[in-house]
Amino acid sequence: MSQLPSTSVSTTEETLQQMPVMQHLIILRQYLFKIVGVTIFLFFCLLPFRNQTYQWLSEPLRQQLPTSSTMIATDVTATFMAPFKLNLFVAFMLAMPYIIYQVWSFIKPALYEKERHLAVPLLLGSIVLFYLGVAFAYFITLPAILHFFKGFTLNYTVLFTTALDYCVHNVLQTCPCRRADKGIYRS
């Protein structure tokens, strides 16, 4: 059998550097520290505005309340914790572009050059879609859901929920299996 002569085509084949698992974990830890640091920094920057943030994000619920109703707190720490938890989640949402960039920075060395070019529109699209989803949930879905559930309140029933419960479960849509305080408004 005769072999075909090999043609010397100048292809630049990329070689990816291989690392042990522990080295990957050390690098991942560095990125996670950066993410946590930026989130905590944003949290402390937002802290002076916690009451304004709380008022703005509780607006859909307050629009559904009867005119003489107010939000209540059924726990001693609820009035303290609700704005802090809310600020932490808002800081996380504001840090999302940086978080996505840090995830990208961790994954980027494992990608070939062609894959890296495809990832940039994907990253920008994911950031835009994330904020569009948050806006859709807050401005469209949340008022509709609150109005829907308010319609099922019995005539002789007073609907209660706490400020903390509203912030954590309704506004932020965190883990549905977590249980916060009970209670929301009273007339």
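Calculation notes
Residues numbered from 1 in each chain as written. Predicted model: local features only at pLDDT ≥ 70, side-chain atom pairs only at ≥ 80, totals over all residues. Heavy atoms only, no water. Helix = DSSP H or I, 4+ residues; strand = E, 2+ residues; numbered from the N terminus. Buried < 20%, exposed > 50% of the residue type's maximum accessible area, 1.4 Å probe, protein only. Polar contact = N/O pair within 3.5 Å; in protein donor to acceptor, adjacent residues only side chain to side chain. Axes fitted to C-alpha atoms, helices over the stretch in contact; angles between N-to-C directions. Parallel < 35°, antiparallel > 145°, perpendicular 65-115°, else oblique. Contact = heavy atoms within 4.5 Å. Nonpolar A, V, L, I, M, F, W, Y, C, P; charged D, E, K, R; others polar. Phe/Tyr/Trp six-rings, centres within 6.5 Å; stacked < 30°, edge-to-face > 60°. Core = buried A, V, L, I, M, F, W, Y, C linked by side-chain atoms within 4.5 Å. Salt bridge = Lys/Arg side-chain N within 4 Å of Asp/Glu carboxyl O.

### Some points on the side chain of serine 58
Right, so step 1: You can see serine 58 is positioned in the loop between helix 2 (50–57) and helix 3 (59–64).
Right, so step 2: Assessed through its relative accessible area of 1%, serine 58 is described here as buried.
Right, so step 3: At 3.3 Å, the side chain of serine 58 forms a polar contact with the backbone oxygen of glutamine 55.

### Side note on the packing of helix 4 (residues 78–94) against helix 5 (residues 96–107)
Right, so step 1: The geometry of helix 4 relative to helix 5 is characterised by a closest axis approach of 4 Å and an angle of 55° between their N-to-C directions. Classed by the angle they form, the pair helix 4 and helix 5 counts as oblique. Contacts between helix 4 and helix 5 involve Phe92, Met93 and Leu94 from the first element and Met96, Pro97 and Ile99 from the second.
Right, so step 2: Tallied by class, residues from the contact of helix 4 with helix 5 come to six nonpolar, no polar and no charged.

### Section: the side chain of threonine 39
Right, so step 1: Relative to the helices and strands, threonine 39 resides in helix 1 (residues 21–46).
Right, so step 2: Residue classification places threonine 39 among the buried positions, given a relative accessible area of 9%.
Right, so step 3: A distance of 2.8 Å separates a polar side-chain atom of threonine 39 from the backbone oxygen of isoleucine 35.
Right, so step 4: The contact partners of threonine 39, leaving out residues within four places of it in the chain, are Leu88, Ala91, Phe92, Ala95 and Ile99.

### Concerning the packing of aromatic side chains
Right, so step 1: Considering all chains together, one arrives at seven aromatic pairs under this definition.
Right, so step 2: Seen in terms of ring centroids, tyrosine 31 and phenylalanine 106 are 6.0 Å apart; in terms of plane orientation they differ by 75°. Their pairing is edge-to-face. Linking tyrosine 31 in helix 1 with phenylalanine 106 in helix 5, this pair joins segments that are 75 residues apart in sequence.
Right, so step 3: Taking relative accessible area as the criterion, phenylalanine 106 reaches 28% and is therefore assigned partly exposed.
Right, so step 4: Here the aromatic rings of phenylalanine 43 and phenylalanine 84 are separated by 6.1 Å at their centres, their planes lie at 45°, and the arrangement is tilted. Placement of phenylalanine 43 in helix 1 and of phenylalanine 84 in helix 4 is noted, with a sequence separation of 41 residues between them.

### Things to note about the nonpolar core
Right, so step 1: Core analysis: the largest hydrophobic core is formed by 15 residues, its most contacted members being Tyr54, Leu57, Met71, Leu86 and Val90.
Right, so step 2: Of all the secondary-structure elements, those providing two or more residues to this core are helix 1, helix 2, helix 4 and helix 6 (113–151).
Right, so step 3: By residue number, the principal contributor to this core is helix 4, which donates four residues.
Right, so step 4: If you look at the next biggest cluster of nonpolar residues, it comprises ten residues, including Ile35, Met96, Ile100 and Leu111.

### Re the pattern of salt bridges
Right, so step 1: Per the counting criterion, the structure on display carries one salt bridge.
Right, so step 2: Among the ionic pairs, glutamate 113 bridges to arginine 116, the shortest N-O distance being 3.5 Å. With glutamate 113 and arginine 116 both in helix 6 and three residues apart, the pair spans about one turn of that helix.
Right, so step 3: Glutamate 113 sits in the partly exposed class, given a relative accessible area of 35%.

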